[in-house]
Amino acid sequence: MYRQCDEKIYEMYESFINNFIIDKKNYLEDSDEEVFTKQNVEECIECFINNPKESNEKFDVKAKKQFENASQGAKIVFSHAIWLWGFSVNETKNCDLIFTEVESVPRLKQGFANGGQRHLTSKYDEICFVLLLFSALIDICEECEKKPDYNFICKKIEDICRCYKYKEEEECYDDYKNYSVVEKDSGKRPMTEILLYLSNPEKYERIVSYDHKKRIAECFSEFIDVDKNNILDDKLLEIRDKLSEKVIDKNFDYYETKRLRLLWDFSSQSGDYDEFQALQFKKNIILYGPPGTSKTYAAMHLAKSFVALSKIKNGSLKIQEYLKDGAALDEYVHRLQLHSNYSYEQFIVGQTILNGNIKTVKGDFFELCEKAGKDIENPYILILDEINRVDLARLFGEAFSGIENRGEKIDLPYKDNDGNPLCLCVPKNLYIIGTMNEIDFSLERLDFALRRRFLWFKHNFDADTLRNMVSDEIIKKEEDKEEFISRVVKLNDKIKNTQELGEQYEIGHVFFAEINDLSPQFSDKNLYKRSNKKPAMPNGALQVLWKISILPMLEAYLDNIDTQRKKEIIGELEKIYNGQE
């Protein structure tokens, strides 16, 4: 969808195409020198793709070695490939172009979307794709009888990206299949999503994540003519047309329209199988991982998404009503905070003395089973927060059999208040989501009978989530935010690789997002003091965050080890946090 706020991005992309691809000039340095030539592109491919550097060195270091003996023209073309890779998305707009030192390189303060972790971690493969795209465009331009224009090049880039993604499914595949860029193994490549949006924003969404596109298509599958349409991007266009026509304003955004986003953006998992599908199939799932990794938030979000979508699909909730007027979902989502004193009697059934008589009292789970059983058309979800705080086998008792055999009556060792045998029936429309801090209770220690009744999803620290949580109003300089996130990532990597700690002791993104609350207390909004001689050091807000939140947590984790070793580990971690390693 074309967005007015992205006009500067479109203008820069058009200028890049016109100056670099069509006129073959050095766009980054505003030069008339002809650099986009077949010879320079082939030299780039030879240096970067055909002779990769297999080492653990940083991307920039390896690239400089690869291009050490390359011509200046090849280096300039390579800088253009890096620029195209990073200029339009949020977290890479200040990317180092390596071979260009001009300060006036075209840059943006805000991209059209987040590129995502895959875009960053697969930088080598992404830029390989761009260089092979350059090679194809060189050949296409040479075959033209007259000088191509911007729209022509955009259409070619669009076709190439679609042929790469969909291969034989794409109608024009035979026209492009011999280009190296199309022959590559197709995958979930962010670069294709970026280029599709830049080349034709009227037709494609500003969505870089393939998984997000797939979820949207699955969420609104009722709007798709399956027999007619099997291409993911075309499905999204069809969905937009239907939603715009029947439901909401045509300029809606899948990310910014909150109630719409709730329906499809329900999982942090990537891949073909996520929590939503697991909940549909197994009806019982557990979200586990280190503290502060948004497990409870994710459980609530997933529960409301699941209820809303189920009600829309079974016809009890019209999507028009949901998007325009909202819908009461809370009555279908129940959350219990478990603790060591919470018992079977409170959960399933127990007895109490009332007016001198023994009375049978149904527990929280029993009552929810009855409520859901009377409304079998709609889903009910029970969130059991911090299940590691109780003995689940004892808590569930006979209900363990019930959650596996939905709809069957399970005899309980109690009678109701009329003297009749009491039975529990877990209805098919009752779903359970549990959360568990792995640090408190190892997954391996759980009873096998419990483990097999649930599907398990790990929630770890997530850099993208932290990036979204840290407010631009709080950390105004983008380089400060990226420096902060980079140090947090390195800190958690060190924690994972420290023998006395490990992956389960990662510090969750929620704890680092506390910088939002701390920063307003300091007049200096720059997070780092910079010096030519020393690495950037943290200012007040970061130092306070370390002292009141991160340090006490690490000290608690390391409480049972030798004092000297504990001091060494914390010292190493603090240096990483302060950017001294």
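Preceding this section is the structure that the text describes.
Before going into details, it helps to say that this report is about the structure given with it. (Residues numbered from 1 in each chain as written. Predicted model: local features only at pLDDT ≥ 70, side-chain atom pairs only at ≥ 80, totals over all residues. Heavy atoms only, no water.)

## Things to note about the overall build of the chain
Argument step 1. Per the secondary structure count, the chain includes 27 helices and 13 strands.
Argument step 2. Burial status across the chain gives 53% buried among its 581 residues.
Argument step 3. Working note: accessible area of the chain is about 27,800 Å², and carbon and sulfur atoms make up 44% of it.
Argument step 4. If the 83 positive side-chain charges of the chain are averaged to one point and the 104 negative ones to another, these points end up 3 Å apart. (Helix = DSSP H or I, 4+ residues; strand = E, 2+ residues; numbered from the N terminus. Buried < 20%, exposed > 50% of the residue type's maximum accessible area, 1.4 Å probe, protein only. Areas by Shrake-Rupley, 256 points an atom, 1.4 Å probe, with all protein chains shown as cover. Lys, Arg positive; Asp, Glu negative; His and termini not counted. Charge placed at Lys NZ, Arg CZ, Asp CG, Glu CD.)

## Brief notes about the packing of helix α14 (residues 275-282) against helix α15 (residues 295-313)
Argument step 1. With their axes 11 Å apart at the nearest point, α14 and α15 run at an angle of 65 degrees to one another. In this structure, α14 crosses over α15, and the sense of that crossing is right-handed. In this structure, α14 uses Glu275, Phe276, Leu279 and Gln280 to contact α15, whose residues at the interface are Leu302, Ser305, Phe306 and Leu309.
Argument step 2. Residue composition of the contact of α14 with α15, grouped by class: five nonpolar, two polar and one charged. (Axes fitted to C-alpha atoms, helices over the stretch in contact; angles between N-to-C directions. Left-handed = near helix turned anticlockwise from the far one by under 90°. Contact = heavy atoms within 4.5 Å. Nonpolar A, V, L, I, M, F, W, Y, C, P; charged D, E, K, R; others polar.)

## Here's the deal with the pattern of salt bridges
Argument step 1. Evaluated as defined, the whole model comprises 39 salt bridges.
Argument step 2. A salt bridge links Arg162 to Asp234; the nearest nitrogen and oxygen atoms lie 2.9 Å apart. Of this pair, Arg162 sits in helix α7 (residues 150-166) while Asp234 is found in helix α12 (residues 232-246), placing the two residues 72 residues apart along the sequence.
Argument step 3. Classification of Arg162 by relative accessible area gives buried; the value is 5%.
Argument step 4. The salt bridge partner of Lys494 is Glu572, with a shortest N-O separation of 3.7 Å. A residue pair is termed long-range when its members are at least 10 positions apart, and Lys494 in helix α23 (residues 478-496) and Glu572 in helix α27 (residues 563-577) qualify at 78 residues.
Argument step 5. On the basis of relative accessible area, Lys494 is assigned to the partly exposed category, the value being 31%.
Argument step 6. Taking the relative accessible area as the measure of exposure, Glu572 reaches 27% and is therefore partly exposed.
Argument step 7. Salt bridges here are not isolated pairs; linked through shared partners, they connect Arg3, Asp6, Arg206, Asp253 and Glu256. (Salt bridge = Lys/Arg side-chain N within 4 Å of Asp/Glu carboxyl O.)

## Considerations on helix α11 (residues 210-219)
Argument step 1. With seven of ten residues buried, α11 is to be regarded as a mostly interior element.
Argument step 2. Looking at α11, one finds that the buried residues are Asp211, His212, Lys213, Arg215, Ile216, Ala217 and Cys219.
Argument step 3. Looking at the packing, one finds that the buried side of α11 touches α5 (117-121), α7, α10 (190-199), α12, α13 (258-264) and α15.
Argument step 4. At the N-terminal end of α11, a side-chain oxygen is found 3.3 Å from the backbone nitrogen of Asp211, two or three residues along, and the residue is Ser209. (Polar contact = N/O pair within 3.5 Å; in protein donor to acceptor, adjacent residues only side chain to side chain.)

## What to know about the sheet that holds strand β11 (residues 455-458)
Argument step 1. Spatially, the five strands line up as an open sheet ordered β4-β7-β10-β3-β11, and their pairing is parallel. Each having just a single partner strand, β4 (333-337) and β11 make up the two edges of the open sheet. Averaged over all adjacent pairs, the angle separating strand axes in this sheet is 20 degrees, with direction ignored.
Argument step 2. Where β4 lies against strand β7 (residues 380-385), five bridges are found, and the strand directions are parallel. Residue Arg335 lies in a different strand from β7, and its bridge partner there is Ile383.
Argument step 3. In the packing of α15 onto the sheet, the strands contacted are β3 (284-289), β4, β7 and β10 (430-437), and the crossing angle to β10 comes to about 165 degrees. (Pairing = 2+ DSSP bridges.)

## Description of the pairing of strand β2 (residues 31-34)
Argument step 1. The sheet contact formed by strand β1 (residues 25-26) and β2 spans two bridges and is antiparallel. The residue of β2 that forms the bridge with Lys25 is Glu34.
Argument step 2. Connecting the antiparallel pair β1 and β2 is a turn made up of four residues, with Asp30 showing a positive phi of about 50 degrees.

## A short note on the nonpolar core
Argument step 1. Core analysis: the biggest nonpolar cluster contains 84 residues, and Phe220, Tyr254, Phe347, Phe365 and Ile433 have the highest contact counts within it.
Argument step 2. Filtering out sequence-adjacent residues up to four positions away, Ile433 remains in contact with Leu279, Ile285, Leu287, Ala299, Leu302, Ala303, Ile381, Leu382, Ile383 and Leu384.
Argument step 3. Formed by 75 residues, the second largest nonpolar core is a distinct cluster that contains Phe87, Ile127, Tyr173 and Val208. (Core = buried A, V, L, I, M, F, W, Y, C linked by side-chain atoms within 4.5 Å.)

## Brief notes about the side chain of Thr192
Argument step 1. If you trace the backbone, Thr192 turns up in helix α10.
Argument step 2. Assessed through its relative accessible area of 0%, Thr192 is described here as buried.
Argument step 3. Within polar-contact distance, the side chain of Thr192 engages the backbone oxygen of Arg189 at 2.7 Å.
Argument step 4. Discounting residues that sit within four places of it in the chain, Thr192 has contacts with Phe129, Cys161, Tyr164 and Lys165.

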